[in-house]
Structure formats: structure tokens, C-alpha cells
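Overview (structure and organization)
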Amino acid sequence: MSEKLTIILFSGDLDKTLAAFILATTASASGLETTIFFTFWGLNLLKKTYFARGKGQNIGQKLFNFMSTKKLPLSKFNMLGLGPWMMKKVMKKVGMAQLEELMATARQLGVKYVACTTSCGFMGLSRENLIPEVDDMVGAAAYLALAKDSKINLFI
Amino acid sequence: MSEKLTIILFSGDLDKTLAAFILATTASASGLETTIFFTFWGLNLLKKTYFARGKGQNIGQKLFNFMSTKKLPLSKFNMLGLGPWMMKKVMKKVGMAQLEELMATARQLGVKYVACTTSCGFMGLSRENLIPEVDDMVGAAAYLALAKDSKINLFI
Amino acid sequence: MSEKLTIILFSGDLDKTLAAFILATTASASGLETTIFFTFWGLNLLKKTYFARGKGQNIGQKLFNFMSTKKLPLSKFNMLGLGPWMMKKVMKKVGMAQLEELMATARQLGVKYVACTTSCGFMGLSRENLIPEVDDMVGAAAYLALAKDSKINLFI
């Protein structure tokens, strides 16, 4: 049985998600069985469309989906989107992979994507609101079972 | 000896504390010995009253206690309290347990509450400022001894 | 072989970095082999000068270095620097060690400082922009190798 890295990705900030995906791709490339458990703001990365609309979403859920779009902010110096825009420009200039590329690489390398059912329930998201790459939708119990078995656990 | 989950709860944000308590209750329910080590903003959850007043608190400590009330903000989109208010409404609508209920459940399930002495010293809080549910007040050394022995360690 | 604590210090907030250094010094003092892997905003702690200037930095990199100075903000209630100022005053009053002292103690106790090469590349920082205390500059793969071998892993 190979060793495991399991990341809870709670954040939906560009800088933190980049950190998560750089760790996940590197881990998977070096033989660690890697899973990202997307919860709360982290779910934004798994949404198919900007404002994920689901049948039967109440006003509050619509609002939360409106606020948490796929346009990821920075955890610091967001400056109404200027920060992330500048960050992406710098990344391009120094030849770093953008988040979208890292996400594609992660999948090619076998990183598992798991969406938190509790957060999905809160946000009013169902399977069809999420990108097809999502492997599974599970709750905290399944996460814990995996984490117990993992050499490295991180909450990002 | 049963396996352990130990969470450092540094954050006092509603969204992050919810994540911590959902993990803690689920872990405890599934047989993991679970401890939450409350530090810095996380201490707000353990305060007996809104503005914990202690004898001999200096001006700065009074201010920090004033700023960090039990009215937990969101880590994103707090919008002067509108975010958390909306969040609680949505949680109610979809049938999720509120933080207060999760905290009660956590105690029934045997989750241990430990307050960080260093943070308490900084905030000017003593035992009588904290809710009776607090099991212990310890420092970083005691946390590390516990964490060394835990299968899962998270910093939230 | 002694047991290990490995911390990813992603944050450059005063409150969070204090938590990291209190844990690191205590761990090292109690015999844990302790490493801090500084990445992204956490790199600010390792900068030699306020606005680290490197040859060939592009405009974006200059901006990021300008924004992320060694003047660490608070994760909450920063209030244009009033929060951290107040925090330092309170710490002094209650006899807590300031960050600078904790960093010096950490080095005396043998805590290892490792800078993330990817973040340094992004920020346009090279070895000469960093304080001499930095032991090594490595990437995610080296971090993961260390983390796999650590009893306690935290992402702060």
C-alpha cells in the first residue's frame, strides 16, 4: 500500500489553492496517493459555471454562490481583483503554471477530487453543478477514514 | 489505546469553526479521541460573555477582547455581519446544525476542550472568563505531546 | 532518529507567525527536530530588507515585494497597522517574547529555516535577498520528503 497525502482545501483564495495544487501535483508525481477534499470556499474550484445554479436553491444559497465565484481572490491584497490579476501576470512571466494547468496536471497524475457533501448541501450544489473530474462526494466520516490512513494531512 | 484527532483552532471565523466542529463531532462519534486546542481568535468560542472582562486587564487587552467577541465573523464576505447572518439562515433552512448545537454535541460525544495558556495570558483571560466546559488550560508543550501521539493533526 | 515537526508557514500575518514560532521553539526545546518551510507571504519573515529588491525583478514582482513587507499585519482587525502595534504593546506588557526574539530563540534551539524555491521564483527573490539564517532553499518535493517523515505536520 502506498503512502498518502490528504489535503482539506477549505480556502477559495488563489494563493492558497495554488499552494495546495503545487503540493498535490508534486506529491502525486513522487508516488504519494493524493486526495483533495474540497469544502466550503474550496468548492468554488469544482463549480462548472461561475454562478452555480441549482434547482430549489433558496435566496441565501443563490447569494453564497454569487459571492463565491470561480474568480478566486487573494487572501491578502486582493484589491478588487487587481492582486490576482497581477499575480497571474507575474506567474506567466516567470514561467509558473497557472491554476488551470495545475488542475489539469493534477488529474493526469491521478490526484483524487472529493467534494464535501455537507458544504454542497449548504451551498445548494448537486453533482451536475460540479465539473466531471470530481471523483466522489463524501462527508466528514469518509474524510477522517482517509486521513487516519495518511502520512501527511493538511488543512489549507 | 484509541487513535486521536487533535485540532488547533486558531481561527475565530464562523465558517472555519464550523468546519472544525463538524470534523470533531464526526471523529468523536466514530471512535477517535478528539481534542480541540483553542488558541488566539479561537478562544472567542470559549468566552463566557461577549466582552470577557478580567481584573487587571490593561487597555490593550480590553480592546482585543472588545474586537474579538463571540459574534463570529466569516473569513470571507463578512460584510459587517450580513454574511454570518445569512449563513446561519441558510444552515437553518437546509437543516444543518448551528455552531451552538455542534458545540453541545461535541461535549456529549466527549470532545475535549483545551485552552491555550499563552493566548489566555495575552488576552488577559483567566479560568473564570471561560465556559465551564473547558477541560484544561495548557501550553504549547502539552499540545505537542498530544499531537505527537495523534494520527491526524490539523491547524484551522 | 528523533521525531519531527514540520510547519509550512504560508501566512505572513503577525498572529499566525507568532503561533508558528511558539510551536517551533517549544517543539525544538522538547527534543523535536523542527523545520519551518516558508512559502508565499511567509517568505516576508526571511527578507533582509523591507522591500527586497532583486536584479531583473519585473514590475509585478516589485509590486508584490512592496505589498508584502516585513511589517506583518494581523489576520483580523489589522486596522492599517493599529492592530499589530497594539498587539506588540500588549505582548510587551504581559511579558511575552516578540516575534524577533522568538525567531532568535528558534535559531539558538536549532529550528531549521527552509525557503520555498517556487515562491522565491515568483517573488523574484534570490539567496542574497534572504537573511543569512536560512538553511536551505528547496521545492515542494523536498518538503514532502520531510513531511512524510514527520510526526506532526501543520499548514499555517
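Everything that follows concerns the structure shown earlier in this document.
For the structure given in this document, a descriptive report is provided here. (Residues numbered from 1 in each chain as written. Chains lettered and ligands numbered in written order. Predicted model: local features only at pLDDT ≥ 70, side-chain atom pairs only at ≥ 80, totals over all residues. Heavy atoms only, no water.)

1. Observations regarding the relation of the copies chain A and chain C
If you rotate chain A by 120° and push it 0.0 Å along the axis, it lands on chain C with an RMSD of 0.0 Å. Look at the turn and shift together and you get a three-fold axis relating the two. (Least-squares fit on C-alpha atoms with pLDDT ≥ 70 in both.)

2. Here we look at the packing of aromatic side chains
According to the stated counting rule, one finds 24 aromatic pairs over all chains in the structure shown. Seen in terms of ring centroids, Phe10(A) and Phe40(A) are 5.6 Å apart; in terms of plane orientation they differ by 10°. Their pairing is stacked. Here Phe10(A) is found in the loop between β1 (4-9) and α1 (14-29), whereas its partner Phe40(A) is found in the loop between β2 (33-38) and α2 (59-67), with 30 residues between them in sequence. Here the aromatic rings of Phe21(A) and Tyr113(A) are separated by 6.1 Å at their centres, their planes lie at 85°, and the arrangement is edge-to-face. With Phe21(A) in helix α1 and Tyr113(A) in strand β3 (residues 112-116), this residue pair connects regions lying 92 residues apart in the sequence. The residues Phe21(A) and Tyr113(A) share a single accessibility class, namely buried. Lying across the ring of Tyr113(B), Arg107(B) places its NZ or CZ 4.9 Å from the centre. (Phe/Tyr/Trp six-rings, centres within 6.5 Å; stacked < 30°, edge-to-face > 60°. Helix = DSSP H or I, 4+ residues; strand = E, 2+ residues; numbered from the N terminus. Buried < 20%, exposed > 50% of the residue type's maximum accessible area, 1.4 Å probe, protein only. Lys NZ or Arg CZ within 6 Å of the ring centre and 35° of its normal.)

3. Regarding the interface of chain A and chain C
Taken together, the contact between chain A and chain C spans 29 residues of the former and 28 residues of the latter. When chain A packs against chain C, the two sides together hide about 2300 Å² of surface, and 79% of this comes from carbon and sulfur. The interface formed by chain A and chain C includes two salt bridges. Residue Lys76(A) pairs with Asp13(C) through a salt bridge whose shortest N-O separation is 2.8 Å. There are two residue pairs in polar contact (both at pLDDT 80 or more) connecting chain A and chain C. Looking at the side of chain A that touches chain C, the elements with two or more residues in it are α1, α3 (82-93) and β5 (152-155) of chain A. With seven residues, the single largest contributor to the side of chain A that touches chain C is α1(A). Here the residues of the side of chain A that touches chain C sort into 19 nonpolar, four polar and six charged. (Contact = heavy atoms within 4.5 Å. Buried area = accessible area lost by both parts, 1.4 Å probe. Salt bridge = Lys/Arg side-chain N within 4 Å of Asp/Glu carboxyl O. Polar contact = N/O pair within 3.5 Å; in protein donor to acceptor, adjacent residues only side chain to side chain. Nonpolar A, V, L, I, M, F, W, Y, C, P; charged D, E, K, R; others polar.)

4. Section: the interface of chain C and chain B
Listed as interface residues are 29 residues of chain C and, on the opposing side, 28 residues of chain B. For the pair chain C and chain B, the summed buried area comes to about 2300 Å², and 78% of that belongs to carbon and sulfur atoms. For Lys148(B), the salt bridge identified is with Glu3(C), shortest N-O distance 3.6 Å. Along the contact surface separating chain C from chain B lie one residue pair in polar contact (both at pLDDT 80 or more). It is helix α1 (residues 14-29) of chain C that contributes the most residues to the side of chain C that touches chain B, seven residues altogether.

5. Brief notes about the sheet that holds β2(A)
Residue and element names in this part refer to chain A. Read from one edge of the open sheet, five strands run β4-β3-β2-β1-β5, paired in parallel fashion. The open sheet has two edge strands, β4 (136-138) and β5, and neither has a second partner. Taken over all neighbouring pairs, the strand axes of this sheet differ in orientation by 20° on average, direction set aside. With four bridges connecting them, β2 and β3 associate as parallel partners. Each residue of the ladder has a partner; that of Thr35, found in β3, is Lys112. Relative to β1, α1 is tilted by about 165°, and along the sheet it contacts β1, β2, β3 and β5. (Pairing = 2+ DSSP bridges. Axes fitted to C-alpha atoms, helices over the stretch in contact; angles between N-to-C directions.)

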